[in-house]
Structure formats: C-alpha cells, structure tokens
Amino acid sequence: MRIEAALAIDLGGTELRAALVDRDGKILAFAAVPTQAQAGPNVVIGQIEALAATVHAEAPGLAIVGVGVGAPGPLDPLAGIAVGPPTLAGWQDVPLADILERRLGLPVRLENDANAAALGEWRFGAGHGARSLVFVTVSTGIGGGVVADGRILHGRRGLAAEIGHMTITNEGERCVCGVVGCFEAIASGTALGRRANAATSPLDGSTLRRLSANAEVTGRHVVEAARLQDDLAVALLEEEARWLGVGFTNLLHLYSPDVLVVGGGIANGLDLMAPVIEATIRLRAMRAYRDVPVVQAQLGRHAGLVGAASLVLFDDGSLAARMPVGPSTFPDTRRDFNG
Ligand SMILES: [Zn+2]
C-alpha cells in the first residue's frame, strides 16, 4: 500500500517552502526558494507549482491526499482567499485555494500561517495530546494561534487570536498597527532589541555591543549575553519576561489552554525567562488559571509546514464545506448606499 502524505506549502514573505509530510508529521521531502514577493500572485503561484514538482520528484510513489497552505493573513480560511497580505505585493482577494486546486488537481486548504504553526505544535510538537493550546511566536513581531477544544479558533473572517495587538499598556513605542501599548510593540524581539540599543552605544565595550560587532543589538544578542551572565542583558531579559508574563496571563484568562507553547527566536531564551514569567503569572492570574505549563515550541521553522499538512491529513469536515468563491466576498457597502 502506498504511503499517504500531504503536500504542505509555507508561503512566507521572504521564503516559499514546500514539503511532503506523512501522517506522523514526518517530512519526506523538502524544498525552498526565495519568494518573488514583489512579482504578484501569478509568478508566486508558478513558484508553488514548480516547488510541488520538485518535492514530488524527491519522494515519488506517495499517495498525496491534498494540499495544505499556510500563508500570511489576513486571509479567509473558509473561502480559501488571500485577502491582502501586506508582505506580498498585488495580492488582493486572490482565490488561492481554487486556483491551486485547478493547477494541482488536489483538494486545497488555506490557513493563516500562525494558525498553521499552532496546529503543527498541537498535532506533532510541544502541545501533543492537549485538548486546548495557545501558541505564541515571539520574534520580529508577536503572533499566535489558538486550538480550542480540539480545533483551530477562527472567529469572524478567520481573524481570531491576533494576540500581538492586545493592548497591555498605555505607554511605549507606537506599534506597526498605529497605536500605543500593543503586546507586540512592547514584548517582541524587536522591542527587546530596541531597549538593548537604547541602553548601550557602539564601542562602549558592553557584552551586547561585542556580540553584535558594534552594530545594531537584536533580541537574540540579549538572550546570548544573558547566558553569559551579563548583568545588563539579564536585567533586559527580566523586563522582557515580565511583559511576556502579562500577555500570557491575558491569554490564560481568555482561552484557558492546557498548555501555552512559545516559539520564535526569543523562545530560545525561555528557560532563562521562565522564573520571571511564572512569577508574573502567579501574581496576576486568578488562582484557577495559574498552573498551566508554559513550554518551548518543538518544531522550529517546520511547525507551519506540518500544521498545513495536518489540515488535509486530518480533515475535520470543513474541507467539503469550503464555500464557492463569489465575485464580491467583501461587498463595497458604499455602492449599496448609492443604489
Ligand atoms: Zn498593534
């Protein structure tokens, strides 16, 4: 009998990756190319077809049951439409699932990339066996996904769990979304790096500037320096851990997961931050919410790929329910007013 596998696509703004993934979450073939993000959807869809051919050639003879695509939001997972990801030029309301179904001759499921990573960690990674999970990725920004009672939480238009833009303070740098106080603006790797840069200057002899070769200090440098017991880096990471603890407390109160899984570059310092994160949660969370494990993600950069594969390998019935694409998914209400 042929082995069943899914074709998984991770459509990133900088890298386009494809894999064939079996039911155990094992990657049987893998290929990646730089995304031609400025070239428009037709060129990128051509890249997806070419990558699909590459991985098929690498692992022939599999029974491919379908295609799971993780792509940047906003997107409509039910209709399979990329609504307008800011990292991909010219993608306005592209019916990506329909197009790929025609081109590849297989059923296609589309999911927000953070949700896909949440699914991957839930099926095959740090959240395996949990009924509910919150996945948080802390890197350039903060993103995440929620698995509630065994399925991904979508909300209206698939936009639920935009946790990077929870308001958790009323001060600090303005967020990319335009307002002050977002979780992402205060606790992302970018924010941590910004505080480290403000606390040091090039050629000041600090460990942070030595690690960055006197260039811009990043969040990763702070984690690295804290491992060397550098006092400043330890203090910066403690402040970071307090903010993460505040955000995580909100997530525990909102979603009551069995486990909170942390991924992204800054998760490499989770062991160092754990005592302060836990102390912050103890201080702020109501008693019933305090004993939830906060653990590091296990699948690294492959979480999104195996999660996308799981969309078709473990179909929950919504594939058949995918709605046909109409000409006006998001009607222009002004036209309605003008008759
Ligand atoms: Zn924001």
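It should be emphasised that the depicted structure is a prediction, and the values quoted were computed from it without experimental measurement.

Q: Give me helix H7 (residues 219–227): which residues, what numbers.
A: When H7 is considered as a whole, its buried residues turn out to be Gly 219, His 221, Val 222, Val 223, Ala 225 and Ala 226. Looking one or two residues past H7, Gln 229 carries a phi angle of roughly 60°, positive in sign.

Q: I'd like a description of the coordination of the zinc ion, backed by residues and values.
A: Around the zinc ion, the protein contributes the donor atoms His 165 (ND1), Cys 175 (SG), Cys 177 (SG) and Cys 182 (SG), at 2.0 to 2.3 Å from the metal centre. Within one chain, the residues serving as donors to the zinc ion are arranged as H-x9-C-x1-C-x4-C. Across the pair, exposure class does not vary: Cys 175 and Cys 182 are buried alike.

Q: Go over the sheet that holds strand E8 (residues 133–138), please, and point to the residues and values.
A: Strand order in the open sheet formed by five strands is E10-E9-E8-E11-E12, with mixed pairing between adjacent strands. Every interior strand has two partners, whereas the edge strands, strand E10 (151–152) and strand E12 (294–296), have only one. As defined by bridge partners, strand E9 (residues 142–148) adjoins E10 across two bridges and the pair is classed as antiparallel. In the strand pairing of E10, Val 147 is matched with Ile 152. Set on the sheet, helix H8 (residues 231–255) makes contact with E8, E9, strand E11 (259–263) and E12; between it and E8 the angle comes to about 155°.

Q: Outline the pairing of strand E4 (residues 63–71), listing residues and values.
A: A large share of E4 lies buried, amounting to eight of its nine residues. Where E4 lies against strand E7 (residues 108–112), five bridges are found, and the strand directions are parallel. Pairing of Gly 70 across the sheet is with Glu 111, part of E7.

Q: So, the pairing of E9: which residues are in play, and what are the values?
A: The buried fraction of E9 is high, at six of seven residues. Examined bridge by bridge, E8 and E9 share six bridges and lie antiparallel to one another. Counted as the bridge partner of Phe 135 is Gly 145 from E9. The hairpin turn running from E8 into E9, its antiparallel successor, is three residues long.

Q: Describe the sheet that holds strand E2 (residues 15–22), and please don't skip the residues or the numbers.
A: Read from one edge to the other, the open sheet built from five strands follows the order E3-E2-E1-E4-E7, with strand pairing classed as mixed. Since the sheet does not close on itself, it has two edges, and those belong to strand E3 (27–34) and E7, each with one partner. Direction aside, the axes of adjacent strands within the sheet are offset by 15° on average. With seven bridges joining them, strand E1 (residues 4–11) and E2 adopt antiparallel strand pairing. Along E2, the bridge assignment pairs Ala 6 with Val 21. Seen against the sheet, helix H1 (residues 41–58) touches E1, E2, E3 and E4 and runs at an angle of roughly 145° to E3. Packing against the sheet, helix H10 (residues 303–313) makes contact with E1, E2, E3, E4 and E7, and its axis sits at approximately 130° to E1.

Q: Can you explain H10? Please cite residues and give values.
A: The buried fraction of H10 amounts to eleven of the eleven residues, a majority that puts the element mostly inside the structure. For H10, every residue scored as buried is listed here: Ala 303, Gly 304, Leu 305, Val 306, Gly 307, Ala 308, Ala 309, Ser 310, Leu 311, Val 312 and Leu 313. Here the buried face of H10 lies against E1, E2, E3, E4, E7 and helix H3 (113–124).

Q: Tell me about the domain arrangement of the chain, and name the residues and values.
A: Segmenting the chain into domains produces domain 1 (4–117 + 302–334) and domain 2 (128–298). Once you take the C-alpha centre of each, domain 1 and domain 2 turn out to be 28 Å apart. Taken together, the contact between domain 1 and domain 2 spans ten residues of the former and eleven residues of the latter. Between domain 1 and domain 2, the buried area comes to about 860 Å², and carbon and sulfur atoms account for 55% of it. The dominant element in the side of domain 1 that touches domain 2, judged by the number of residues it contributes, is H3, at three residues.

Q: Lay out the packing of H3 against H10 in plain terms, naming residues and giving numbers.
A: Direction vectors running N to C along H3 and H10 enclose 80°, while the axes themselves pass 6 Å from each other. The angle between H3 and H10 places the two elements in the roughly perpendicular class. Contacts between H3 and H10 involve Ala 116, Ala 117, Leu 119, Gly 120, Glu 121, Arg 123 and Phe 124 from the first element and Ala 303, Gly 304, Val 306, Gly 307, Ala 308, Ser 310 and Leu 311 from the second. Each residue belonging to the contact of H3 with H10 can be placed in one class, and the counts come to eight nonpolar, four polar and two charged.

Q: Got a sec to walk through the nonpolar core? Specific residues and values, please.
A: The nonpolar side chains of a soluble globular protein tend to be buried with one another. With 41 residues, the main nonpolar core has Val 136, Val 222, Phe 248 and Leu 260 as its most contacted residues. Secondary structure elements with two or more residues in this core: E8, E9, helix H4 (183–187), helix H5 (189–199), H7, H8, E11 and helix H9 (270–284). Considering each element in turn, this core owes the most residues, ten residues, to H8. Not counting residues up to four positions away in its chain, the partners in contact with Leu 260 are Val 134, Val 136, Phe 248, Leu 251, Leu 252, Val 292, Pro 293, Val 294 and Val 295.

Basis of the calculations
- Residues numbered from 1 in each chain as written.
- Predicted model: local features only at pLDDT ≥ 70, side-chain atom pairs only at ≥ 80, totals over all residues.
- Heavy atoms only, no water.
- Buried < 20%, exposed > 50% of the residue type's maximum accessible area, 1.4 Å probe, protein only.
- Helix = DSSP H or I, 4+ residues; strand = E, 2+ residues; numbered from the N terminus.
- Donors = N, O, S within 2.8 Å, 3.2 Å for Na, K, Ca; no water.
- Pairing = 2+ DSSP bridges.
- Contact = heavy atoms within 4.5 Å.
- Axes fitted to C-alpha atoms, helices over the stretch in contact; angles between N-to-C directions.
- Domains from an automatic or database assignment.
- Buried area = accessible area lost by both parts, 1.4 Å probe.
- Parallel < 35°, antiparallel > 145°, perpendicular 65-115°, else oblique.
- Nonpolar A, V, L, I, M, F, W, Y, C, P; charged D, E, K, R; others polar.
- Core = buried A, V, L, I, M, F, W, Y, C linked by side-chain atoms within 4.5 Å.

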